[in-house]
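Summary of structural features
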Amino acid sequence: MERFEFQLAMLQKGAEELEKKIANFSTILQQVKTAAITIWVALIGWVVASKIDALAPLGYVIIFGFWFLEATYWRVQFYYMQRASAVAEFLNDERALNESFNTRSIPEGLVHPLGSLKTLKRLSLWRAMCAPSIYIFYTFLLAVNSVVWLISLKTAH
């Protein structure tokens, strides 16, 4: 097998691996959200049933813990999405693709095992935490937790 043919095969395999990784991280992120809501609802149920208003602030710990965890996983998924975008951009760029076939070489970093591309910048954890798909969900939980805590404080006295 010629080097270029090998690179083409590895590019295809790399693109497939990226799709799998992105899908796996989507599943993980959904499971993190499900775990967060399950544990948080259990705590709120305990606060309401036991009438121990001092337990309500634990909801903030749960929310921030899962928010941090989800943002951490989302950062990795975002990196893989950037990688997939770089591969798609290359495949959709007719000039680059023609040049690649003429020179019988694929640009560095696009071939599996997907070494890091120097053009991709890692997203900060803070920016990941502020991603709308994450931020809206956990901000809502924070607001509801605050309302539940305030109600529990008012009914305790």
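Just so you know, these numbers come straight off a predicted model, no measurement behind them.

1. Considerations on the overall build of the protein chain
- Helices and strands together make up the secondary structure of the protein chain, namely five helices and zero strands.
- When the helices and strands of the protein chain are placed in sequence order, the string is α-α-α-α-α.
- Against the compact-globule benchmark of 15 Å for 157 residues, the protein chain has a radius of gyration of 23 Å, which places it well outside the compact range.
- Viewed in the frame of its principal axes, the protein chain has a C-alpha envelope of about 80 × 25 × 20 Å.
- By the burial criterion, 36% of the 157 residues in the protein chain qualify as buried.
- Of the contacts formed within the protein chain by residues at least 6 apart in sequence, a portion of 83% connects residues at least 24 apart.
- Carbon together with sulfur atoms contributes 65% to the accessible area of the protein chain, which is approximately 9900 Å² in total.

2. Some thoughts on unusual backbone geometry
- In the Ramachandran plot, Lys-51 falls in the positive-phi region, its phi being about 55 degrees despite a non-glycine side chain.
- Relative to the helices and strands, Lys-51 resides in the loop between α1 (3-50) and α2 (58-92).
- Phi is positive for Arg-104, which is not a glycine, with a value near 55 degrees.

3. Things to note about the nonpolar core
- Counting 25 residues, the largest nonpolar core has Trp-40, Ile-63, Phe-66, Trp-67, Trp-74, Ile-134 and Tyr-138 as its most contacted members.
- Looking at this core, the elements with two or more residues in it are α1, α2, α4 (125-129) and α5 (132-156).
- Membership of the second largest hydrophobic core comes to 15 residues, among which are Phe-4, Met-10, Leu-18 and Tyr-79.

4. Quick notes on the packing of α2 against helix α3 (residues 94-103)
- Running from N to C, α2 and α3 point in directions that differ by 80 degrees, and their axes come no closer than 5 Å. Judged on the interaxial angle alone, α3 and α2 are roughly perpendicular. In this structure, α2 uses Phe-90, Leu-91 and Asn-92 to contact α3, whose residues at the interface are Glu-94, Ala-96, Leu-97 and Ser-100.
- Residues belonging to the contact of α2 with α3 are distributed by class as follows: four nonpolar, two polar and one charged.

5. Here we look at the environment of Tyr-60
- Structurally, the position occupied by Tyr-60 is in helix α2.
- Apart from the residues lying within four places of it in its own chain, the contact partners of Tyr-60 are Leu-142, Asn-145, Ser-146 and Trp-149.

6. Topic: the packing of aromatic side chains
- By the definition in use, this model includes ten aromatic pairs.
- Between Phe-4 and Phe-101, the aromatic rings sit 5.2 Å apart at their centres with planes inclined by 80 degrees, giving edge-to-face as the arrangement. Remark: Phe-101 occurs in helix α3 and Phe-4 occurs in helix α1; sequence separation between them is 97 residues.
- We classify Phe-101 as partly exposed; its relative accessible area is 42%.
- With centroids separated by 5.8 Å and ring planes inclined at 5 degrees, the aromatic side chains of Phe-64 and Trp-67 adopt a geometry described as stacked.

What counts as what
- Residues numbered from 1 in each chain as written.
- Predicted model: local features only at pLDDT ≥ 70, side-chain atom pairs only at ≥ 80, totals over all residues.
- Heavy atoms only, no water.
- Helix = DSSP H or I, 4+ residues; strand = E, 2+ residues; numbered from the N terminus.
- Rg over C-alpha atoms; globule rule 2.2 N^0.38 Å.
- Buried < 20%, exposed > 50% of the residue type's maximum accessible area, 1.4 Å probe, protein only.
- Contact = heavy atoms within 4.5 Å.
- Areas by Shrake-Rupley, 256 points an atom, 1.4 Å probe, with all protein chains shown as cover.
- Core = buried A, V, L, I, M, F, W, Y, C linked by side-chain atoms within 4.5 Å.
- Axes fitted to C-alpha atoms, helices over the stretch in contact; angles between N-to-C directions.
- Parallel < 35°, antiparallel > 145°, perpendicular 65-115°, else oblique.
- Nonpolar A, V, L, I, M, F, W, Y, C, P; charged D, E, K, R; others polar.
- Phe/Tyr/Trp six-rings, centres within 6.5 Å; stacked < 30°, edge-to-face > 60°.

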